[in-house]
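Each chain, written out:
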Amino acid sequence: MSERVLIDGYNRRVDYLRMSVTDRCDFRCVYCMAEDMQFLPRQRVLTLEEIYQLAQSFVALGTRKIRLTGGEPLIRPGVVGLCKQIAALPGLRELCLTTNGSQLGKLASPLFDAGVKRLNVSLDSLDAARFKQMTRTGDLAQVIDGIDAARAAGFTRTKLNCVVMQGRNDHEINDLVQFAIERDLDISFIEEMPLGIISEHSRAESFFSSTQVRERIAERYTLIDSAESTQGPSRYWRLAEAPHIRLGFISPHSHNFCGTCNRVRLTVEGRLLLCLGNEHSVDLKAVLRAHPGQPERLEKAIIEAMKLKPYRHNFEVNDDVQVVRFMNMTGG
């Protein structure tokens with residue numbers, strides 16, 4: 001029997017699913033959400049069983065990598081059990097998870113035992129006061145302890161995600177690289193994305209491009225271009241001085257990665273988002289609840305949804321909001 005695969009209207013194979021398990025978070029990062037957030041009522045959120053059923057259908061249709069995201073996925077009760085179920089799906093090559101690191105101190109070992117292969121940890125500053133300012137509620141020491149706990153649990157190739165903001169943390173770029181080198185971590189630097197209406201800062205004024213980040217790193221290190229890929233949007237480089245780690249650059253503005261996009265996102269409401277920077281979506285929760293016990297109906301809806309996947313987003317470097325939903329609603 002031939003392998004089942006998802007193909008969009010531009011002949012791109014879609015085999016990577018990012019699934020949000022909650023819109024809630026214990027941080028309030030300034031680029032991700034408003035300080036006073038209104039979260040979804042419980043009845044609008046997928047149950048853990050529904051999330052698993054959706055994962056089953058996507059894997060049956062050729063998905064080989066699933067990343068669980070939030071909000072902060074590790075604050076949802078039962079998430080470790082969900083990880084164990086999804087990781088065991090036949091045909092899934094890799095289950096990953098993106099976290100702010102606050103809960104890793106206690107959950108790193110259970111997650112590793114459950115079958116999670118890799119972790120991404122958000123870390124935008126190594127200065128405790130600045131970290132608290134950028135996250136509004138976060139404790140830097142707790143996050144670093146969590147990163148160390150992940151390594152002790154057996155995780156390798158853990159990656160730091162750093163959103164770089166002009167005048168806020170751009171002077172810490174090489175300190176973060178050094179931190180990654182010392183702890184044998186990969187690190188990706190991310191251009192801020194225009195998702196959700198914020199009043200805390202001007203995105204146009206805070207924009208710091210991937211090219212600027214590389215120029216800053218080149219002041220201290222020797223960058224070597226790499227063709228490596230982890231199926232995600234990062235473009236990777238190596239350092240001559242520390243070839244054991246990878247530097248990634250996620251550049252939705254300056255070097256968009258749309259032409260090779262292999263990803264879709266599922267919100268915790270059950271909306272399948274076909275593009276990070278567009279509102280094209282399909283309500284899979286409605287299909288799931290209208291046709292319980294009929295996975296073929298769900299799979300048909302997923303296949304049909306691929307026709308809606310646009311070729312690219314159109315992010316712009318200004319204070320206009322291209323997409324109203326906040327990042328915590330998008331699923332990483």
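Here the structure is a predicted model, which means the values were calculated and not measured. (Residues numbered from 1 in each chain as written. Predicted model: local features only at pLDDT ≥ 70, side-chain atom pairs only at ≥ 80, totals over all residues. Heavy atoms only, no water.)

J.: Mind showing me how you'd approach the overall build of the protein chain here?
T.: Counting its secondary structure elements, the protein chain contains eleven helices and twelve strands. Of all 332 residues assigned to the protein chain, the portion counted as buried reaches 59%. Contacts spanning at least 24 positions in sequence make up 73% of the contacts within the protein chain whose residues lie at least 6 apart. When the accessible surface of the protein chain is totalled, it reaches about 13,700 Å², and 49% of it is carbon and sulfur. (Helix = DSSP H or I, 4+ residues; strand = E, 2+ residues; numbered from the N terminus. Buried < 20%, exposed > 50% of the residue type's maximum accessible area, 1.4 Å probe, protein only. Contact = heavy atoms within 4.5 Å. Areas by Shrake-Rupley, 256 points an atom, 1.4 Å probe, with all protein chains shown as cover.)

J.: Help me understand the UniProt feature "binding site: [4Fe-4S] cluster 2" (unreviewed entry) in the protein chain, please; the structure alone is not making it clear to me.
T.: Within this structure's numbering, the places UniProt gives as "binding site: [4Fe-4S] cluster 2" (unreviewed entry) are Cys258, Cys261 and Cys275. Spanning 18 residues, the named residues nonetheless gather at one spot, since no C-alpha pair among them exceeds 9.2 Å. Locating Cys261 in the fold gives a position in the loop between β9 (242–250) and β10 (263–266). Owing to a relative accessible area of 13%, Cys261 belongs among the buried residues under this scheme. (UniProt positions renumbered as here; feature names shortened; annotations may be inferred.)

J.: Could you clarify how one ought to interpret the pairing of strand β5 (residues 159–164) in this entry?
T.: Consecutive side chains of a regular strand alternate in pointing toward one face of the sheet and then the other. For β5, the tally of buried residues reaches six of six residues, placing the bulk of the element in the interior. The alternating pattern of β5 places Lys159, Asn161 and Val163 and Leu160, Cys162 and Val164 on opposite faces, both of which are buried. Across three bridges, the pairing between strand β4 (residues 118–122) and β5 is parallel. Its bridge partner lying in β5, Asn120 is registered against Lys159. Note: β5 against strand β6 (residues 186–191), six bridges, orientation parallel. (Pairing = 2+ DSSP bridges.)

J.: Is there a simple way to think about the sheet that holds strand β11 (residues 271–273) in this case?
T.: Strand pairing in a sheet is mediated by backbone hydrogen bonds. Such pairs are either parallel or antiparallel. Strand order across the open sheet formed by twelve strands is β7-β8-β9-β6-β5-β4-β3-β2-β1-β10-β11-β12, with mixed pairing between neighbours. What marks the edges here is a single partner per strand, and that holds for β7 (223–225) and β12 (281–283). Within this sheet the neighbouring strands show an average axis-to-axis angle of 25°, counted without direction. Sheet contacts for helix α8 (residues 210–218): β5, β6, β7, β8 (235–239) and β9; angle to β9, the most-contacted strand, approximately 155°. (Axes fitted to C-alpha atoms, helices over the stretch in contact; angles between N-to-C directions.)

J.: It is not clear to me how unusual backbone geometry should be interpreted in this structure. Could you clarify?
T.: Glycine aside, a negative phi is what most residues show, and trans is what most peptide bonds show. Following Gly70, the chain continues to Gly71 via a peptide bond in cis, the omega torsion being 5°. Considering the arrangement of structural elements, one finds Gly71 in the loop between β2 (65–69) and α2 (79–87). The phi dihedral of Asn11 is positive, around 65°, even though this residue is not glycine. A relative accessible area of 66% places Asn11 in the exposed class. Although it is not a glycine, Arg157 adopts a positive phi angle of roughly 55°. The residue Arg157 is located in the loop between α5 (140–153) and β5 in this model. The exposure class assigned to Arg157 is partly exposed, which follows from its relative accessible area of 31%.

J.: I'm lost on α5 in this one. Help?
T.: Residues lying three or four places apart along an α-helix face the same way, a consequence of the helix completing one turn every 3.6 residues. For α5, with 14 residues, the first-to-last C-alpha span of 20 Å sits near the 20 Å given by 1.5 Å per residue. Buried residues of α5: Leu140, Val143, Ile144, Gly146, Ile147, Ala149, Ala150 and Ala153, and no others. Capping the start of α5, Asp139 holds a side-chain oxygen 3.0 Å from the backbone nitrogen of Ala141, two or three residues further along. Just beyond α5, the residue with positive phi is Gly154, at close to 120°. (Expected span 1.5 Å × (residues − 1). Polar contact = N/O pair within 3.5 Å; in protein donor to acceptor, adjacent residues only side chain to side chain.)

J.: Help me out: how do you make sense of the packing of aromatic side chains in this one?
T.: The way to describe two aromatic rings as a pair is by their centre distance and the angle between their planes. Scanning the entire structure with this criterion turns up four aromatic pairs. The ring centre of Phe249 lies 4.8 Å from the NZ or CZ of Arg214, which sits over that ring. Directly above the ring of Tyr236 sits Arg246, whose terminal nitrogen or CZ lies 5.1 Å from the centroid. (Phe/Tyr/Trp six-rings, centres within 6.5 Å; stacked < 30°, edge-to-face > 60°. Lys NZ or Arg CZ within 6 Å of the ring centre and 35° of its normal.)

J.: Where do I start with the packing of helix α6 (residues 173–182) against α8 in this structure?
T.: Packed helices, taken two at a time, are described by their axes: the angle between them and the distance between them. Their axes nearest at 9 Å, the elements α6 and α8 cross at an angle of 70°. When the axis of α6 is compared with that of α8, the two are roughly perpendicular. Remark: the crossing between α6 and α8 carries right-handed chirality. The segment α6 lies against α8, with Ile173, Asn174 and Val177 engaging Val213, Arg216 and Ile217. For the contact of α6 with α8, a count of residues per class yields four nonpolar, one polar and one charged. (Parallel < 35°, antiparallel > 145°, perpendicular 65-115°, else oblique. Left-handed = near helix turned anticlockwise from the far one by under 90°. Nonpolar A, V, L, I, M, F, W, Y, C, P; charged D, E, K, R; others polar.)

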